[in-house]
Amino acid sequence: MIALKNIFKWYNVGGNRNFILKDINLDIQQGEFISIMGPSGSGKSTLLNIIGMLDEASEGTYIFQDQEVFRLKEKQRSQLYKDYIGFVFQAYHLIDELTVYENIETPLIYKDMKSSERKAIVADILDRFGIVGKKDLFPNQLSGGQQQLVGIARALASKPKLILADEPTGNLNSKQGEEIMELFKQLNKEDGITIIQVTHSEKNAAYGSRIINLLDGRIDTNTTL
Amino acid sequence: MLKNYLTIALRNLGRNKIYAFINIAGLGIGLACSMLIMLYVKDEVSYDRFHDNVKNIYRVVRQERDKSGKKTGNDPNTGYFQGPKFAANVPGIKSFVRIQSGSRDVKRADEITSSELLYVDSSFFSIFSFPLEYGNKLNCLKDPYSVVLSEEEAKKQFGTANAVGKIMQIKEDDGFKPYTVTAVVKKTPENSSIQFNMLLPLKVAAEQEQNPENWFNIFLNTFVVLQPNANLTAVQKGMQRFYEQDSKNAVKILTEKYGPMNNKTIYQLQSYADMHLSTDFPAQNGLTNASKPLYSYILSGIVLFILLIACINFVNLTIARALRRTKEIGIRKVIGSERKQLIFQFLGETFLLSLLAFLLAILLVQLVTPVFNNLSNKALSLSYLLDVKLISGYVLLFLLTGFLAGIYPALILSGYKPVDTLYNRFIPGGKNYIQRLLVVVQFALASFLIIATFTLYSQFNFLTHEKLGYDDNNLVMVNKQSLSKDEAKLFKTELMKNPSITGFSPKNGGQWGTVAKTSSDSTMQFSYETVDESYVPLLKIKLQQGRNFSKFYPSDADNSVLVNEAFVKKARWKNPLEQKLNFWYDNNKKYTVIGVVKDYHFQSLGQEISPQLFTMKDNGFGVAFIKIKAGKETASLDFIQKTFKRLFPLNPYSYTFKNEENLKNYEAEAKWKQIMLYSAVLTIFISCIGLFGLSVLTAEKRIKEIGIRKVLGASVNHVVTILSVDFIRLVAISLVIAVPLAWLAANKWLQNYPYRINLGWEIFVSAGLLVILIALFTVSFQAVKAAIANPVKSLRTE
Ligand SMILES: Nc1ncnc2c1ncn2[C@@H]1O[C@H](COP(=O)(O)OP(=O)(O)O)[C@@H](O)[C@H]1O
Ligand SMILES: [Mg+2]
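Residues numbered from 1 in each chain as written. Chains lettered and ligands numbered in written order. Predicted model: local features only at pLDDT ≥ 70, side-chain atom pairs only at ≥ 80, totals over all residues. Heavy atoms only, no water.

Enquirer: Which parts of the structure should I look at to understand the site of ligand 1?
Expert: Taken together, eleven residues are adjacent to ligand 1, and Ile20, Gly41, Lys44, Ser45 and Thr46 of chain A come closest. Positioned at a junction of chains, ligand 1 has nearby residues supplied by chains A and B. Contact between ligand 1 and Ser42 of chain A: an oxygen atom at 3.3 Å from a main-chain N or O atom of the residue. Within the contact set of ligand 1, an oxygen atom lies 3.0 Å away from a backbone nitrogen or oxygen of Gly43 of chain A. Contact with the protein chains hides 68% of the accessible area of ligand 1, taken as 560 Å² for the molecule alone. Grouping the amino acids of the shell around ligand 1 by side-chain chemistry returns three nonpolar, six polar and two charged. (Near = heavy atom within 4 Å. Polar contact = N/O pair within 3.5 Å; in protein donor to acceptor, adjacent residues only side chain to side chain. Areas by Shrake-Rupley, 256 points an atom, 1.4 Å probe, with all protein chains shown as cover. Nonpolar A, V, L, I, M, F, W, Y, C, P; charged D, E, K, R; others polar.)

Enquirer: Hey, could you run me through the UniProt feature "transmembrane region" (unreviewed entry) in chain B in this one?
Expert: Residues and elements named next belong to chain B. Cross-referencing UniProt, the feature "transmembrane region" (unreviewed entry) maps to residues 20–41, 294–323, 344–371, 391–416, 437–457, 675–698, 719–743 and 763–784 in the present numbering. Secondary structure over residues 344–371 splits into 100% helix and 0% strand, and the C-alpha atoms at its two ends are 39 Å apart. Secondary structure content for residues 437–457 is 100% helix and 0% strand, while the C-alpha to C-alpha distance between its ends is 30 Å. (UniProt positions renumbered as here; feature names shortened; annotations may be inferred. Helix = DSSP H or I, 4+ residues; strand = E, 2+ residues; numbered from the N terminus.)

Enquirer: Before we go on, may I ask you to explain the interface of chain B and chain A in this structure?
Expert: A common measure of how large an interface is: the accessible area buried when the components associate. Chain B puts 25 residues into the contact, and the matching count from chain A is 26 residues. Summed over both sides, the interface of chain B with chain A buries roughly 2,500 Å², with 55% coming from carbon and sulfur. The shortest N-O distance in the salt bridge between Glu338 of chain B and Lys82 of chain A comes to 3.3 Å. Between chain B and chain A we count five residue pairs in polar contact (both at pLDDT 80 or more) in total. Going through the elements one at a time, helix 1 (2–15), helix 11 (326–334), helix 12 (339–376) and helix 14 (418–422) of chain B are the ones with two or more residues in the side of chain B that touches chain A. The element best represented in the side of chain B that touches chain A is helix 1 of chain B, accounting for seven residues. (Contact = heavy atoms within 4.5 Å. Buried area = accessible area lost by both parts, 1.4 Å probe. Salt bridge = Lys/Arg side-chain N within 4 Å of Asp/Glu carboxyl O.)

Enquirer: What is the right way to read the packing of helix 2 (residues 17–45) of chain B against helix 10 (residues 293–322) of chain B from this model?
Expert: The packing of two helices is summarised by the inter-axis angle and the distance between the axes. All names here are of chain B. Remark: helix 2 packs on helix 10, axes separated minimally by 9 Å, with the N-to-C direction vectors making an angle of 160°. With respect to helix 10, the element helix 2 is oriented roughly antiparallel. For the element pair helix 2 and helix 10, the recorded crossing hand is left-handed. Among the residues forming the contact of helix 2 with helix 10, the class breakdown is 17 nonpolar, eight polar and two charged. (Axes fitted to C-alpha atoms, helices over the stretch in contact; angles between N-to-C directions. Parallel < 35°, antiparallel > 145°, perpendicular 65-115°, else oblique. Left-handed = near helix turned anticlockwise from the far one by under 90°.)

Enquirer: Before we go on, may I ask you to explain the environment of Ile391 of chain B in this structure?
Expert: Residue and element names in this part refer to chain B. By the element assignment, Ile391 lies in helix 13 (residues 388–414). A relative accessible area of 39% means that Ile391 is categorised as partly exposed. Between the C-alpha atoms of Ile391 and Asn77, which are 314 residues apart in sequence, the distance is 39 Å. (Buried < 20%, exposed > 50% of the residue type's maximum accessible area, 1.4 Å probe, protein only.)

Enquirer: Just checking my understanding: could you explain a nonpolar patch on the surface for this structure?
Expert: All names here are of chain B. A contiguous nonpolar patch, built from Leu363, Leu367, Val368, Val371 and Tyr678 and spanning about 460 Å² of accessible area, is present on the exposed surface. If one sorts the elements of the nonpolar patch by residue count, helix 12 sits on top with four residues. Residue position: Tyr678 is located in helix 22 (residues 667–701). For Tyr678, a relative accessible area of 41% gives the class partly exposed. (Patch = residues over 30% accessible without salt bridge, like charges linked within 9 Å, V, L, I, M, F, W, Y side chains within 5 Å.)

Enquirer: What am I meant to see in helix 11 of chain B here?
Expert: Helical geometry note: an α-helix holds 3.6 residues per turn, so side chains three or four residues apart project in the same direction. Within helix 11 of chain B, eight of the nine residues are buried, leaving the element largely enclosed by the surrounding structure. Of all the positions in helix 11 of chain B, only Thr326, Glu328, Ile329, Gly330, Ile331, Arg332, Lys333 and Val334 of chain B are classed as buried.

Enquirer: Help me understand the packing of aromatic side chains, please; the structure alone is not making it clear to me.
Expert: The relation between two aromatic rings is expressed through the spacing of the ring centres and the mutual angle of the planes. Throughout the structure, instances matching the rule amount to 50 aromatic pairs over all chains. Between the aromatic rings of Tyr62 of chain A and Phe64 of chain A, the centroid separation amounts to 6.3 Å while the plane-to-plane angle is 80°, which identifies the pairing as edge-to-face. The same class applies to Tyr62 of chain A and to Phe64 of chain A, which are both buried. Ring-pair connections join several aromatic residues into one group, and the members of that group are Phe50, Phe124, Phe125, Phe128, Phe130, Phe196, Phe223 and Tyr272 of chain B. Over the ring of Phe81 of chain B we find Lys85 of chain B; its NZ or CZ atom is 4.6 Å from the centre of that ring. One cation-aromatic arrangement involves Lys203 of chain B over Tyr145 of chain B; the distance from NZ or CZ to the ring centre is 4.3 Å. (Phe/Tyr/Trp six-rings, centres within 6.5 Å; stacked < 30°, edge-to-face > 60°. Lys NZ or Arg CZ within 6 Å of the ring centre and 35° of its normal.)

Written out as structure tokens, the structure is:
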């Protein structure tokens, strides 16, 4: 599904290249559940964002579903992204001005889905996540765990094949964290969604099928569990 | 999608009430001003166009040229001859109407009032489209003793609009004659140059119709109607040819009488629709409301200023506030929004705000129309809006402001990269050069207007308070047509019986001017006043040399004159006393200068003091100047009126105070003063609410920094300074830009006045201080609030 070849990423700082990612080579198959680990500043988020097409590499090739991503036009890439990828963040990143319901609905709006169709999908997800009673609340009326649940629900609404999660449990206590991890595992097993998560916790990493360790912008270890 | 955007837009507005208020109020004011000016301009350009035949109506006007063919002057007026002679002899001219202004005394019961009116030819109603309420438009002016009234006048005279057939007593020669009302006219539209309450048939005596000199007696307006297919140039040529042929005899007679004529007259036609805004041939002499296109330009310019400033607020605040929306933008992109869709969303929000502002503007226009009408001398109303062109103009204005104010922020905001905004790596707007630039532009405009206003105020103050060179206080002027010497004497004796009345002097009515041959053998023009020996002392006019008229020199009454210094200068006399001069119309008689009065402002201060001459020769007086004691005004006026009614029962009584009449000279300035004041207040207000909004957002952005500084021990003063100094610096820069420009503009404007203030540094310093103070107050308000807030709170929220 994903093939990264010789990916470099650098920023120019005062005329010098400050390398964040160095010669990353990585293949990811459909249905994998991958945990990326590594010390702070090692380039985990950057790698995730490149995979998620929010960021571009400075050099290298990225093939997603047989398409060379960096060669695509903005429009095509955005289409690819909309069809396949969902994002989950450490800080949840819900839209404060919208209710739970509306937050989950928004990606569907961007997919130009009809109102009735949207209603059905959102209702379905709310039901599945057990948050029907919360649908008219605003994000600041929810606990962290609940917000992250909504964040995942939103990512799932557009039926992605790939979920990218950047420290999804970083702001949660361990019990809430576990619930999220269980949810990921279930999504991966039952729905066949590919998941790539960044985490600091060995325990959370163990939910996955493979652990990639980044160190100083390089893949240090790549262990299949 | 729309619903989603609308929801978010409305919730955003609800959560940011200050922001919403500032934007809506600012833009609303800007739009309201623009709407008013559009109304104004529409009114200006629609003048006189309501006549069905307006395309073919022209006014006969004259250009004077000297022998070398150089233009020496324009005169929009004509006399008895031009209308009938051109209509009868020049092909292409279908009909004509002459309009002469005048006033007649009207008697109702025992009361006599003086009524302004127009004398017109009987073709009046077939040429102009003034609808009649009652009567027949084809023959209502045929009978020489017919009178046509406006609806209002009919109600005033007879208590009913249907006055046809009723009789009015109108003064003719020495008595009152009955005139029959033949028609009543509906209210004339406000945008008409011809306004009247009463029309009388224009009567031309038989000997006048034969008198060839009437080619050169100029005192009325002549309009002609051209055949629809007539060629304008050909008609004008035809007029000129006919005039030159037909006036030969008159030229001969006049040359014999007064010497060779210096000027040549060129006849032209002015389109009636162009008359209202014409500066070459303005509407005058019975035609009213002459205006200048300049007014439209200046007003439009000011409004553009205001609208621009409001749009700048919009852009600036939207960008500043966007700092708080970067997260939303990032998220939207992450969950699938394209840039286009974000641009659409933000433009949509702008349009929503514009729409609210637009509604507010309509409300404001409704509210302030009376004030504006007063300022602009118009009777505009919102119902004027019901006009396709104007409505489309407003819609365009709305779309344009919405777009202008929205597109820049939309482009900026939608360009943010989610990786930057979602990971808190990004301080959007960094240095905010555009934002700063816009604040500078805004305050430069506001400062410019404030300085302009200050200048106008000072000049106005100067015009109305400058010493005139004579005493115009407690001086009542009472009009009495053809006041004879004996009547004046009687009036004076009777009035002086009252101790509250301290002086009396008769003078000719109106402004007279004539031409005389001075000893240097050249002719010169001057104002020509008929007074008696009491005039100079009564007005406390100072004598520069020689003596005043005196009863002890009987010859004064016949051949002595006083002149002013300007006269002496113009005549280039070294020793003015005993100089002899004779008037243009009377070659044989010599007048002797017996005294020179110091120059005083007998005209408006807007004019340079021109040559003036006084005689005591009995040309008939028209006004009585009466000096009364201060504090006794009511009683004195009462006494004057009673005395007048007793002595002159057949004359209408009216009076004015000289100093009030003098103030009327500056009505235009007074009006502009008000307009400038309003504009300046509005611009500075809108600029300041914008600045306030920015300061709120800046304080919000720097809340963490302020918290840290305070924890580290910064004082409130220090924090306030940190937050304010940036803005104040911008305002200072804008002053640096505005001051020289305003200085240039003010100087240029002041050149219009021969007597003017010195454009000193005080105006600029005080305007500058005012702007800085207002700005400082605006920003420090928010800065203080931020500075005294509890730092623990602000740090915890992060
Ligand atoms: N826009 C940027 N400019 C310069 N350096 C950046 C930028 N974005 C990220 N970095 C640097 O890249 C490095 C890796 O960042 P990141 O991928 O967020 O690390 P991680 O998620 O592993 O903590 C960090 O040292 C960070 O400072
Ligand atoms: Mg990270």
